[in-house]
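# Coordinates in review
Chain by chain, the residues:
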Amino acid sequence: MITSEHDTHLPYFSGNVGKLATTHTLRNFALVLVDVFLPIFLLTKGLALYEVLLFEAFVFTLHATLNIPSYLLNARFGIKLMMSASFLFMFVAYGMLFFFDQLTQLYTLPVLLFFLALFNSIGEVGYWSGFHLDFALKSESGRAGSQLGTLEALSVSLKTIAPIIGAFFIVTFSFNASFLVVLSVLALSVVPLLLSDNIRLKKRLSIRKAVSFAHVKLSLVFMVEGFHNVVQALVWPLFLFVINFSLIAIGSLVAVATFLTSIISFLSGKFADKYGMNRVFRFGAVVNGSTFFMRPLFESVSGIFMIQSIGGLSSPLFKIPLMVTTYQKARNENIEILMTRDIYINLGRVIFLLTTVALVVLMGSVSGLIISLMIGGFTTVIIGFSARFFKEQL
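One structure accompanies this document, and this report is about it. (Residues numbered from 1 in each chain as written. Predicted model: local features only at pLDDT ≥ 70, side-chain atom pairs only at ≥ 80, totals over all residues. Heavy atoms only, no water.)

### Details of the overall build of the protein
Put simply, the rule reads: Under the scheme used here, helices are H or I runs from DSSP no shorter than 4 residues and strands are E runs no shorter than 2 residues, and both carry numbers assigned from the N terminus. Any residue under 20% of the maximum accessible area for its type is buried, any over 50% is exposed, and the rest in between are partly exposed; the area is computed with a 1.4 Å probe on protein chains only. For this analysis, residues touch if any pair of their heavy atoms sits within 4.5 Å. Surface accessibility in these figures is a Shrake-Rupley result with a 1.4 Å probe; residues are shielded only by whichever protein chains are displayed.
If you tally the helices and strands in the protein, you get 15 helices and zero strands. Put simply, the protein has 394 residues, and 58% of those count as buried. A sequence separation of at least 24 residues applies to 87% of the contacts in the protein between residues at least 6 apart. When the accessible surface of the protein is summed, it comes to about 15,700 Å², and 70% of that surface belongs to carbon and sulfur atoms.

Structure follows, in structure tokens:
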């Protein structure tokens, strides 16, 4: 079992874990204010849809590339130090978005987008690598599902209203107003983290273990999770925008799904602890994947609202058991599996985005996004049905 130098027994979210939970909740709230609208922001700046998708693919390529160095730096210098440093890069990234028009007068658009992607990637990877290490080390054996479900429920509760608030600021004022709010909340969110203890790993991380084929089947699941992330967070909102949904409508639909996710997140963790990760994962994957087949079939707001609600309820049943399994394996067997997960999930994101780019170029925006939604749903359903064949890893 891997332990850290600061190894206290922390039930649920007291002490250091409580500070991390507070930071995590506020940070998520800040980013969800505008995350769903950032691709739309780039569209308003003159980028074509396929160019926005290529930009996102480049971002996740950077994520995969920076993954291993980030984990090694966390192990070397401490989790708190590296997570705190990640906020500096996020401040720069959102500052660049705030001054985007001015910066385009000084730099060419490709150069500006390159550095925007770089700073955002360093900030995201630096934060999440530290978060995964900390939770894997501090979660309690046998209760990891409940703890992660509770943390996600708390985080998602604030995220429920974030898209509506973000849309309100964008529509009423401007994108810049929303970026300013993000920067303010990010500054607030880092405070609890700065008050926590710095945690260092006793064991040196092994790159060889991170890229080994010890968990081939689980790595395939991670790739499909990457597909699912892109469909849910990028392709679906872009599809709604392309078919002329307003920003307020998109924000409201995301908020509804997020609210339902917060309700089921806590329960899904308990279900996973009680009934087994594999069984809950299979059910969630099949139901959630099926919703992406049906989403393009609904044209009315009420129909889209209904299918979005089903997606919001089933998403945690798919994601939380998979994440809990990863944390448990990291704690009890191989801490490097956290690096493996991040490599393959980002590889999946890049592959799916490039596939979507090809579909959009060849078939047009609407048709390409519809096929992309269906491919994402199909792969999620297939991995759900297939999960019964690798219970030894999930």
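Read on for the rest.
### Notes on the packing of aromatic side chains
This is how it is decided: The aromatic pairing rule takes the rings of Phe, Tyr and Trp, using the six-membered ring of Trp, and pairs them if the centres are within 6.5 Å, calling planes under 30 degrees apart stacked, those over 60 edge-to-face and the rest tilted. We call a charge positioned over a ring when the NZ of a Lys or the CZ of an Arg lies within 6 Å of the ring centre and within 35 degrees of the ring normal.
The tally for this structure, following the rule as stated, stands at 19 aromatic pairs. Measuring from ring centre to ring centre gives 5.8 Å for F169 and F173, while their planes differ by 35°; the resulting arrangement is tilted. With a relative accessible area of 24%, F169 lands in the partly exposed category. Looking at F173, the relative accessible area reads 54%, which means it is exposed. Among the aromatic residues, ring-to-ring pairing joins F41, Y94, F100, F175 and F179 into one connected group. The side chain of R295 reaches across the aromatic face of W236, ending 5.0 Å from its centre.

### Here's the deal with the pattern of salt bridges
Applicable threshold: For this analysis, a salt bridge means a side-chain nitrogen from Lys or Arg found within 4 Å of a carboxyl oxygen belonging to Asp or Glu.
With the rule as written, the count across this model stands at four salt bridges. Each of E225, R341 and D342 takes part in a single network of salt bridges with overlapping partners.

### Notes on the packing of helix α3 (residues 49-77) against helix α4 (residues 79-98)
Convention followed: Angles run from 0 to 180 degrees between N-to-C directions of axes, and those axes are lines fitted to C-alpha atoms, restricted for helices to the stretch in contact. Any angle that falls under 35 degrees is termed roughly parallel, while one over 145 is termed roughly antiparallel, one within 65 to 115 roughly perpendicular, and all others oblique. Charged means Asp, Glu, Lys or Arg here, nonpolar means Ala, Val, Leu, Ile, Met, Phe, Trp, Tyr, Cys or Pro, and polar covers whatever is left, Gly included.
At a minimum axis distance of 6 Å, the contact between α3 and α4 shows a crossing angle of 130°. With respect to α4, the element α3 is oriented oblique. Contacts between α3 and α4 involve L73, N74 and F77 from the former and I79, L81 and M82 from the latter. The class makeup of the residues in the contact of α3 with α4 is five nonpolar, one polar and no charged.

### A short note on the nonpolar core
Selection rule: Buried Ala, Val, Leu, Ile, Met, Phe, Trp, Tyr and Cys residues form a nonpolar core when they are joined through side-chain atoms within 4.5 Å.
Of all hydrophobic cores here, the largest spans 102 residues; its most connected members are F37 and Y94. Of the residues forming this core, the biggest block, 14 residues, is contributed by helix α10 (residues 216-242). Aside from chain neighbours lying at most four places away, what touches F37 is P163, G166, A167, I170, F175, L247, I250 and G251.

### Comments concerning helix α13 (residues 301-332)
Cut-off, in case you're wondering: The span you would expect from a helix comes to 1.5 Å times its residue count less one. Think of it this way: the bend at a residue is just the angle between two axes, each fitted to seven residues, one set ending at that residue and the other starting at it.
Relative to the 46 Å expected for 32 residues at 1.5 Å per residue, α13 spans 47 Å between its end C-alpha atoms, a close match to the ideal helical length. At S314, α13 is deflected by roughly 30°, the largest bend along its length, and proline P316 occurs up to four residues later in sequence. In terms of burial, α13 is largely enclosed, as 23 of its 32 residues are buried.

### Observations concerning the environment of A30
With respect to the helices, strands and loops of the structure, A30 is situated in helix α1 (residues 15-32). In this structure A30 comes out as buried when scored by relative accessible area, which is 0%. Expressed as a C-alpha distance, the spacing of A30 and L186, which sit 156 residues apart in the sequence, is 6.1 Å. Ignoring sequence-local partners within four residues, the contact set of A30 consists of V182, V185 and L186.

### Quick word on the environment of G226
Examined against the element boundaries, G226 turns out to sit in helix α10. With 125 residues separating them in the primary sequence, G226 and I351 have C-alpha atoms 8.9 Å apart. In contact with G226, not counting residues within four places along its chain, are I345, G348 and R349.

### A word on the packing of α10 against helix α15 (residues 365-386)
Working note: a packed helix pair is described by the angle between its axes plus the distance between those axes. The line we're drawing: By definition, turning the near helix anticlockwise from the far helix through less than a right angle yields a left-handed crossing, and turning it clockwise yields a right-handed one.
At a minimum axis separation of 9 Å, α10 and α15 run at an interaxial angle of 150°. Relative to α15, the element α10 lies roughly antiparallel. Where α10 crosses over α15, the two elements pack in a sense that is left-handed. On α15, the residues touching L220, V221, V224, F227, H228, V231, V235, W236, L238, F239 and V242 of α10 are S365, V366, L369, I370, S372, L373, G376, T379, T380 and I383. Broken down by class, the residue content of the contact of α10 with α15 amounts to 15 nonpolar, six polar and no charged.

### A word on the side chain of S129
As for its placement among the helices and strands, S129 is situated in helix α6 (residues 109-138). With a relative accessible area of 0%, S129 lands in the buried category. Other than its neighbours up to four places away in sequence, S129 contacts S70, Y71 and N74.

### Details of a nonpolar patch on the surface
Cut-off, in case you're wondering: Two distance rules govern patches: like charges are joined within 9 Å, and nonpolar side chains (Val, Leu, Ile, Met, Phe, Trp, Tyr) within 5 Å, applied only to residues with over 30% relative accessible area and no salt bridge.
The grouping of Y50, L54, L354, V361, L362 and M363 at the surface amounts to a nonpolar patch, some 580 Å² of accessible area in total. At the level of elements, α3 and α14 (337-363) are the ones that each hand at least two residues to the nonpolar patch. Among the elements that take part in the nonpolar patch, α14 stands out by supplying four residues, more than any other. Here L362 is to be found in helix α14.

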